[in-house]
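# Analysis of the macromolecular model
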Amino acid sequence: MKTATLNKEYVNPVGKSVPRIDGKGMVTGQAKYAFDVSFPNMLIGKMIRSPHPHAKILSIDTTRAEKLPGVRAIITAKDTYNIKFGSNEYFFPHTVDQMAIESEKVRYVGDEIGAVAAIDEEIAEQALGLIDVQYEPLPAVFDVQEAMKPDAPQIHESLNNIAVILPVNFGNPDRVMKEADYVREDRFYAPAAHHAALEPHVCVGQWETFSNKITLWSSTQAPFKCREALAKTLNIDLNDVRVIKLAVGGGFGGKLEMLPMDFASCLLSKKAGGLPVKICYNREEEFIASRRKHGMIYTVKSGVKKDGTLLAMTGEVIADGGAYCSYGPTVLAAAIMRIFMVYKIQHFRMTGYRVYTNTPISGAMRGFGGVQAGFAIESHMDMVAEAIGMDPIVFRLKNITGPNMVTINKMVITTNGLRECIEKAVSASDWYKKRGQQKHLCRGIGIGIAADVMGSKMYKSHESAGSIVKVEEDGSVYLFTGAADTGQGSNTALSQIAAHELGVSYNRIRCKSGDTEITPFDTGSFASRVTFISGNATLRAARDAKQQILDVVAKENNLNAAELDIAAEEVILKKDNSILMDFDKALELCYSFNYGRQIIGRGSYNPPTTPIDFRTGEGNVSGSYGFEAQVAEVEVNKETGEVKLLKMWDAHDIGKAINPQAVEGQIEGSLVMGIGYTFLENLRFDQKGRPANGNFANYRLPRSMGTPPVESIMVESNDPEGPFGAKGMGEASLLPTSAAIANAIYDAVGIRLKELPFTPDKIIKALMEKEKFELAAQASA
């Protein structure tokens, strides 16, 4: 590659909105998704699912299906090792409770008891109808509070169907609560919801019979975690499993785990003599058999002084986990412990219960419990502030965390831009000109604040990521990363980091990611970790490659490599920034007869964190923490109950914007998800525990037409641990949205909404109750 062909605008790319590295492939339709994978003689797989919410499996007869022309393989539990898998095995081994193919009992409608592979989809569907399964139906329970009763049907072996009890206790909240000038308790209801990614779950599995090695092509957020679960459940060596992540059409946490379909595609392939097997969920299966957001009942009680000092907090969280544990313990912990990042609390007691029901499995979804908690906590804080006659902004500023502090549960906060976020959001939205001043127009303004992690050491003993930067003889630069780009643009951000540190143009970079056989290990895309953790690994790999080049240049010129650097495509002398040679000339030297030096830089990063001790609630789970403040302005139609979002402001401590346009995209995407959860989304279940609105015709989602103007405000705190000062920020914008809107509605028309979603009928009902209360008060006066 010649320097003349390079776009000079793309040198020093960190902080620039360079085009996405995969952008052209996306917009031209050339990007390859898992559904696009095709091989000669490839089979189509379908899962055998339970029609019962709770039942014993008495027998499975596949004889008729096996005789159907075109059927190549059928598997049931007898073909497996009956090994359970789960997602919180390291800290909660007792929550490993799901089999890839259930052998004795089913626990929700859609539970997998087998799979079939045939030459086409029609024959596979026909084969399902020929399989005779005999069940003994058992009593089922679908309501989370009913499931906790002593006489409820027992879904697993857990007492009262409680899979996890998580008590978090600090200080003496009962004693301190007695010293408070005001005490308030509220209960909030947050419903189940679905990820609703446009791309359904898809995989192609192939078991090479000659080598006994497996390859899985998948739409996954965590290829290495998927590989680990596959190796375990198939009872084979880890290095005999290869998982290749292709382009992903949305994940949002729903593609973070191995699913039974992944397991089945590989085992079906083995039974079919090594023919590849593709399984693709239809939309109904997505709603039934993937994962969903936990519905939660969140109770919180706070005691404060008249001056606004937050003294103590207690509460209870009940999470509807569905039929199996999945990421439930982590979600529950995050729903409780995120508050320590936001507010200075010394006296705290909250107990969480993750409860089994005979409904689809709750798992990871963008926000990891923080969305439900954010709605409850930030609504509650507004109510507390109003009760003591304090402005909600002043109340928050008095109680928020700050930089360079250690929280009561041992989270180590270094940079913290929360105060600046609040102040900038307040200023941009003209808060004090609008708050309480627009009731005659039925308009109001509200705020919510939040914090989030950059990864989380809650899944295994380490949370490291690795990267390799290989510089070819022609000047092209290959970045190999195990990180999974699921649409958020992480391949672009990591490529910018590599180019910037290496000192070359961004358009030299070619990024290869998410292949467990050729890329270094990475735990995956979740918990806003990729820019921070994988970014640091990439930074180190690029630095290593650069050092190798400088060592050769220094030796050739009788210089000390420490005197040199590479910047803007030139090798320079640091003392005066004079140019020694251009980058291509340096590479020519590295690959010359005298040196023959291949440039392969390696980088690994494991954040300086400590796992949570779930006996005490203590642990610094993240290498840094991100913060944000969000303001919503609304207009309420009292006649129809409709709420119009006029505008939203989001001020976000992002450390450093690697790609400002991508940051704005993440903020806006999170906000839209938050708006959907606030007004529209509610995954309901029928009398058999099946999704009652499990399709895009009935499951309501936000659309571009109803999206309000959004003003994104970037607060750059330049975190010393982040790559070029950057923090992760993919989830935090979602956390306070519902509360900001709820608080704005209260400012507009004086009603408090404690149950999501905010539908017109709920608003009309609340307005009628308010009017009735006011009339009664006037009559008594």
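The coordinates are above.
So, here is what we can say about the structure in this document. (Residues numbered from 1 in each chain as written. Predicted model: local features only at pLDDT ≥ 70, side-chain atom pairs only at ≥ 80, totals over all residues. Heavy atoms only, no water.)

### As for the packing of helix H16 (residues 530-556) against helix H17 (residues 583-590)
Relative orientation of the contacting elements H16 and H17 amounts to 80°, with a least axis distance of 9 Å. Taken together, the axes of H16 and H17 lie roughly perpendicular to each other. Where H16 approaches H17, its residues Ile549, Val552, Val553 and Glu556 are matched on the opposing element by Phe583, Ala586, Leu587, Leu589 and Cys590. Here the residues of the contact of H16 with H17 are counted per class, giving eight nonpolar, no polar and one charged. (Axes fitted to C-alpha atoms, helices over the stretch in contact; angles between N-to-C directions. Helix = DSSP H or I, 4+ residues; strand = E, 2+ residues; numbered from the N terminus. Parallel < 35°, antiparallel > 145°, perpendicular 65-115°, else oblique. Contact = heavy atoms within 4.5 Å. Nonpolar A, V, L, I, M, F, W, Y, C, P; charged D, E, K, R; others polar.)

### Quick word on the pattern of salt bridges
Scanning the entire structure with this criterion turns up 46 salt bridges. Lys434 is the salt-bridge partner of Glu633, the closest N and O atoms lying 3.0 Å from each other. In this pair, Glu633 is assigned in strand E28 (residues 625-636) and Lys434 in helix H14 (residues 431-434), connecting sequence segments 199 residues apart. Each member of the pair, Glu633 together with Lys434, is buried. Across the pair Glu635 and Arg443 runs a salt bridge, and its minimum N-O distance is 2.7 Å. Highlighted residues: Glu635 in strand E28 and Arg443 in strand E20 (residues 443-453), separated in sequence by 192 residues. Since its relative accessible area comes to 28%, Arg443 is described here as partly exposed. Look at the salt bridges and you will find they share partners, linking Glu378, Asp382, Arg396, Arg435, Lys439, Asp747 and Arg752 into a network. (Salt bridge = Lys/Arg side-chain N within 4 Å of Asp/Glu carboxyl O. Buried < 20%, exposed > 50% of the residue type's maximum accessible area, 1.4 Å probe, protein only.)

### Considerations on the packing of aromatic side chains
Counted under the stated rule, the structure contains 17 aromatic pairs. Each ring, one from Tyr10 and one from Tyr506, has its centre 5.9 Å from the other, and the planes form 85°; the classification is edge-to-face. Placement of Tyr10 in the segment before helix H1 (23-27) and of Tyr506 in the loop between helix H15 (490-502) and strand E23 (509-513) is noted, with a sequence separation of 496 residues between them. Per residue, the accessibility class of Tyr10 equals that of Tyr506, and both read buried. Of the aromatic side chains, those joined through ring pairs into one cluster are Tyr90, Phe91, Phe92 and Phe614. The ring of Tyr677 carries Lys293 above its face, with NZ or CZ at 4.5 Å from the centroid. (Phe/Tyr/Trp six-rings, centres within 6.5 Å; stacked < 30°, edge-to-face > 60°. Lys NZ or Arg CZ within 6 Å of the ring centre and 35° of its normal.)

### With respect to the nonpolar core
Counting residues in hydrophobic clusters, the biggest one holds 129 residues, and the most contacted among them are Tyr343, Ile422, Ile741, Ile745 and Phe758. Per-element accounting of this core gives the leading share, nine residues, to helix H11 (residues 370-387). Sequence-distant contacts of Ile422, defined by excluding residues within four places in its chain, comprise Ile393, Arg396, Leu397, Ile400, Ile447, Ile449 and Ala629. Counting 43 residues, the second largest nonpolar core, distinct from the first, contains Leu539, Val553, Ala561 and Ile599. (Core = buried A, V, L, I, M, F, W, Y, C linked by side-chain atoms within 4.5 Å.)

### Focus on the sheet that holds strand E25 (residues 570-573)
Read across the sheet, three strands follow the order E24-E25-E26 without closing on themselves; strand pairing throughout is antiparallel. Strands at the two margins of the open sheet, each flanked by one partner only, are strand E24 (564-567) and strand E26 (579-582). Neighbour-to-neighbour, the strand axes of the sheet open up by a mean angle of 25°, direction not taken into account. Here E24 runs beside E25; their pairing, made up of four bridges, is antiparallel. Among the inter-strand pairings, Ala567 is bridged to a residue of E25, identified as Glu570. This element, H16, spans E24, E25 and E26 of the sheet and lies at about 125° to E24. (Pairing = 2+ DSSP bridges.)

### A look at helix H3 (residues 121-130)
Considered for burial, the residues of H3 that qualify are Ile123, Ala124, Ala127 and Leu130. Taken end-on, H3 shows its buried residues confined to a sector of 115°, consistent with a single buried face. Turned more than 90 degrees away from the buried face of H3 sit Glu122 and Gly129, all of them exposed. The elements touched by buried residues of H3 are strand E1 (43-49), strand E2 (55-61), helix H2 (63-66), strand E3 (71-76), strand E7 (112-118) and strand E8 (132-137). The backbone nitrogen of Glu122 has a side-chain oxygen 3.3 Å away, supplied by the residue at the start of H3, namely Asp120. (Arc of directions from axis to C-beta. Polar contact = N/O pair within 3.5 Å; in protein donor to acceptor, adjacent residues only side chain to side chain.)

### Digging into unusual backbone geometry
Pro757 follows Leu756 through a cis peptide bond whose omega is -10°. Mapped onto the elements of the fold, Pro757 is located in the loop between helix H19 (737-749) and helix H20 (760-780). Positive phi values are uncommon outside glycine, yet Ala196 reaches one of about 55°. Summarising the element assignment, Ala196 is placed in the loop between strand E10 (182-190) and strand E11 (202-208). For Ala196, a relative accessible area of 10% corresponds to the buried category. For Asp430, which is not glycine, the phi dihedral falls at a positive 55°. Along the chain, the position of Asp430 falls in the loop between helix H13 (418-428) and H14.

### Describing the environment of Ala376
Tracing the backbone shows Ala376 in helix H11. It is 17 Å that separates the C-alpha atoms of Ala376 and Ile393, two residues lying 17 residues apart in sequence. For Ala376, the contacting residues outside a window of four places in its chain are Phe188 and Tyr298.

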